[in-house]
Amino acid sequence: MDYAGIRNLPALFFERAETFGDRPFLWRKQNDAWHSLTWREVADSVTALALGLRAAGIKRGDRVTLVSESRPEWLIADLAIMSVGAISVPAYTTNTVADHQHVLSDSGSVAALVSTPALAETLLPAAGQTPDTQTIISIEPLTKTIPDSIRCLAWDDVLANGRAAGGDLDQDIAAIERTSTCCLIYTSGTSGKPKGVMLSHGAILCNCMGAYHFLHDLPGFEQETEIFLSFLPLSHSYEHSAGQFFPISIGAQIY
């Protein structure tokens, strides 16, 4: 893997997806059985969601908060946000209403993705109090009353809108520099209000390169055959790099 030659994180992912095609990539457990999504299936979903975000008005430089437990949709959303040149803002699932309001307002998020009705319980009131945040995209149907100031879109509808809109992401991805900010990851807040750390595409790619050089001489380490267990929250900077983008870079499977 030529880490130094990769322009940005979406370019890394789509190159890997083109290489590995129908091989299994993401695994989730449903009804006591493991089910996989292939690289091609994930790439198709990332593309559809990115085009759907663009159709919904998300543009380059916009910040989009992501509130979800670790699941395949987390990775798909993270990459889709980045693929249109927007900036992903991971948020902890343990955040209070006040925590979410701080992250939304401090980052200037224009939209937020949320996975479940339970997590929306604290996100929706915060979004209703944050003028910049005008759109919520829900992975699962929401049961709580939506604030009047918020436009709520269903995940499946955004995917369908993206597929209907058509087009591609080539120009969007080509315009992303290694020095461009890819995400804002907020500190824990144990020493004052959480601070958003601006991470560039190149910074995470360099972390992946360092991990590869550290691991590739270990006995038994083989690219394309490794299996990762995602156990930390993907909103955590370590899991985001070491549990998501590093496995992507070496063609590993993630459970």
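One can find the structure itself at the top, above this paragraph.
Calculation criteria
- Residues numbered from 1 in each chain as written.
- Predicted model: local features only at pLDDT ≥ 70, side-chain atom pairs only at ≥ 80, totals over all residues.
- Heavy atoms only, no water.
- Helix = DSSP H or I, 4+ residues; strand = E, 2+ residues; numbered from the N terminus.
- Buried < 20%, exposed > 50% of the residue type's maximum accessible area, 1.4 Å probe, protein only.
- Contact = heavy atoms within 4.5 Å.
- Expected span 1.5 Å × (residues − 1).
- Arc of directions from axis to C-beta.
- Salt bridge = Lys/Arg side-chain N within 4 Å of Asp/Glu carboxyl O.
- Pairing = 2+ DSSP bridges.
- Phe/Tyr/Trp six-rings, centres within 6.5 Å; stacked < 30°, edge-to-face > 60°.
- Core = buried A, V, L, I, M, F, W, Y, C linked by side-chain atoms within 4.5 Å.

Once that is clear, we can look at the side chain of Ser83. Its place among the elements puts Ser83 in helix 3 (residues 72-83). For Ser83, a relative accessible area of 0% gives the class buried. Not counting residues within four places of it along the chain, the set of residues in contact with Ser83 comprises Pro10, Phe14, Val46, Ala50, Leu169, Asp172, Ile173 and Ile176.

Turning to helix 5 (residues 117-128), a few remarks are in order. With 12 residues, helix 5 ought to run about 16 Å at 1.5 Å a step, and its terminal C-alpha atoms sit 16 Å apart, in line with that. Listing the buried residues of helix 5 in full gives Leu119, Ala120, Leu123, Leu124, Ala126 and Ala127. For helix 5, the arc enclosing every buried residue in end-on projection is 165°, short of the 170-degree limit, so these residues lie on one face. Where helix 5 is buried, its residues touch strand 3 (63-67), helix 4 (97-107), strand 5 (111-114) and strand 6 (135-138).

Next up on the list: helix 4. Within the span of helix 4, buried status applies to His100, His102, Val103, Leu104 and Ser107. Buried residues in helix 4 make contact with strand 3, strand 4 (87-91), strand 5, helix 5 and strand 8 (181-186). Once helix 4 ends, the next one or two residues include Gly108, with phi positive near 75°.

One pass over the structure, following the stated rule, counts 10 salt bridges. Salt-bridge contacts for Arg54 lead to Asp172; the nearest nitrogen and oxygen are separated by 2.6 Å. With a gap of 118 residues between them, Arg54 in helix 2 (residues 39-55) and Asp172 in helix 7 (residues 170-174) connect regions that are remote in the sequence. The partly exposed category is assigned to Arg54, whose relative accessible area is 32%. Measuring nitrogen to oxygen at the nearest pair gives 4.0 Å for the salt bridge that ties Lys144 to Glu121.

Within the secondary structure, Gly196 sits in strand 9 (residues 196-200). Put simply, Gly196 and Pro90 are 106 residues apart on the chain and 10 Å apart in space, counted from C-alpha to C-alpha. Those residues in contact with Gly196 that sit more than four places away from it in its chain are Asp106, Ile185 and Tyr186.

Let us look at the pairing of strand 2 (residues 33-38). Here strand 1 (residues 24-30) runs beside strand 2; their pairing, made up of six bridges, is antiparallel. Note on strand 2: the bridge partner recorded for Arg28 is His35. Here strand 1 hands over to strand 2 after two residues, with Asn31 in that stretch at a positive phi of 55°.

Let's shift gears to the packing of aromatic side chains. All told, the structure shown has 10 aromatic pairs when counted by the stated rule. Here Tyr3 and Tyr212 contribute two aromatic rings whose centre-to-centre distance is 6.0 Å and whose plane-to-plane angle is 45°, an arrangement assigned as tilted. Of this pair, Tyr3 sits in the segment before helix 1 (9-20) while Tyr212 sits in helix 8 (residues 201-215), and the two are 209 residues apart along the sequence. For Tyr212, a relative accessible area of 15% translates into the label buried. Ring pairs connect the aromatic residues Phe13, Phe14, Phe20, Phe25 and Trp39, which therefore count as one cluster.

Before going further, it helps to examine the nonpolar core. With 55 residues, the main nonpolar core has Phe13, Phe25, Leu49 and Ile248 as its most contacted residues. Looking at this core, the element that brings in the most residues is helix 2, giving nine residues. Residues in contact with Phe13, not counting those within four places in the same chain, are Phe25, Trp39, Val42, Ala43, Val46, Leu79 and Ile248. In terms of nonpolar packing, the next biggest core, distinct from the first, is built from 13 residues, Val67, Val114, Leu119 and Leu124 among them.

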